[in-house]
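Survey of secondary and tertiary structure
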Amino acid sequence: MSEPNRIDPTSTWMQVVALLTAAADTPSTAGGIDPDQHSLALGAQVVASRALALLPAELDGDLEDVVIHAGPSSTVGDLIRVASDTARRYPSEAFPAGATAVLVDLDDLVAEAGAVS
């Protein structure tokens, strides 16, 4: 039996893209530019771009409608970790072809976020 609140793999993948994009767009809250946070944000953008490239082109416009559940005070690292947790709802085989490589990069990004925190 399926869980009633569980969304399908494609929608989950779109949430991952949206969360990573939000992480990339999160301004540094430490006043000035923090090189570690900037590096995380850049990494999030790269992984988001790779994940987005795996989606069919007709879904690009649907990304604007993706609702992410993250507080306004979420840091870049928080958003990256939520993206990783979201991606773990399904095995990598449930996502578009090529997702495994993107998930490996996401795991590396999570590790980097943990080192920065």
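Residues numbered from 1 in each chain as written. Predicted model: local features only at pLDDT ≥ 70, side-chain atom pairs only at ≥ 80, totals over all residues. Heavy atoms only, no water.

With respect to a negative patch on the surface
Together, Glu-58, Asp-62, Glu-64 and Asp-65 give the surface a local cluster of negative charge. Mapped onto the elements, Asp-62 comes out in the loop between α2 (35-52) and α3 (76-87). (Patch = residues over 30% accessible without salt bridge, like charges linked within 9 Å, V, L, I, M, F, W, Y side chains within 5 Å. Areas by Shrake-Rupley, 256 points an atom, 1.4 Å probe, with all protein chains shown as cover. Salt bridge = Lys/Arg side-chain N within 4 Å of Asp/Glu carboxyl O. Lys, Arg positive; Asp, Glu negative; His and termini not counted. Charge placed at Lys NZ, Arg CZ, Asp CG, Glu CD. Helix = DSSP H or I, 4+ residues; strand = E, 2+ residues; numbered from the N terminus.)

Re the environment of Thr-10
As for its placement among the helices and strands, Thr-10 is situated in helix α1 (residues 9-25). Overall, the relative accessible area of 36% leaves Thr-10 in the partly exposed class. Along the backbone, Thr-10 and Leu-59 are 49 residues apart, and their C-alpha atoms lie at a distance of 9.5 Å. Residues contacting Thr-10, with those up to four places away along its chain left out, are Leu-55 and Leu-59. (Buried < 20%, exposed > 50% of the residue type's maximum accessible area, 1.4 Å probe, protein only. Contact = heavy atoms within 4.5 Å.)

Brief notes about the side chain of Thr-86
By secondary structure assignment, the location of Thr-86 is in helix α3. By relative accessible area, which is 5% here, Thr-86 ends up buried. Non-local contacts of Thr-86, meaning those with residues more than four positions away in its chain, are made with Thr-12, Gln-15, Val-16 and Leu-19.

Regarding the pattern of salt bridges
Enumeration according to the criterion identifies 3 salt bridges in this entry. The salt bridge partner of Asp-105 is Arg-50, with a shortest N-O separation of 1.9 Å. Placement of Asp-105 in helix α4 (residues 99-116) and of Arg-50 in helix α2 is noted, with a sequence separation of 55 residues between them. For Asp-105, a relative accessible area of 27% corresponds to the partly exposed category. For Arg-50, a relative accessible area of 34% translates into the label partly exposed. A salt bridge links Asp-107 to Arg-88, with the nearest nitrogen and oxygen atoms 2.3 Å apart. On the criterion of sequence distance, the pair formed by Asp-107 in helix α4 and Arg-88 in the loop between α3 and α4 is long-range, its members being 19 residues apart. By relative accessible area, which is 41% here, Arg-88 ends up partly exposed.

What about the nonpolar core?
Within the largest apolar cluster, 29 residues are counted, with the highest numbers of intra-cluster contacts made by Trp-13, Leu-20, Ala-44, Ile-80, Leu-106 and Leu-109. Of all the elements in the fold, those that place two or more residues in this core are α1, α2, α3 and α4. Broken down by element, the residue count for this core peaks at 8 residues, all from α1. For Leu-106, the contacting residues outside a window of four places in its chain are Val-16, Leu-20, Val-47, Ile-80, Ala-83, Ser-84 and Ala-87. (Core = buried A, V, L, I, M, F, W, Y, C linked by side-chain atoms within 4.5 Å.)

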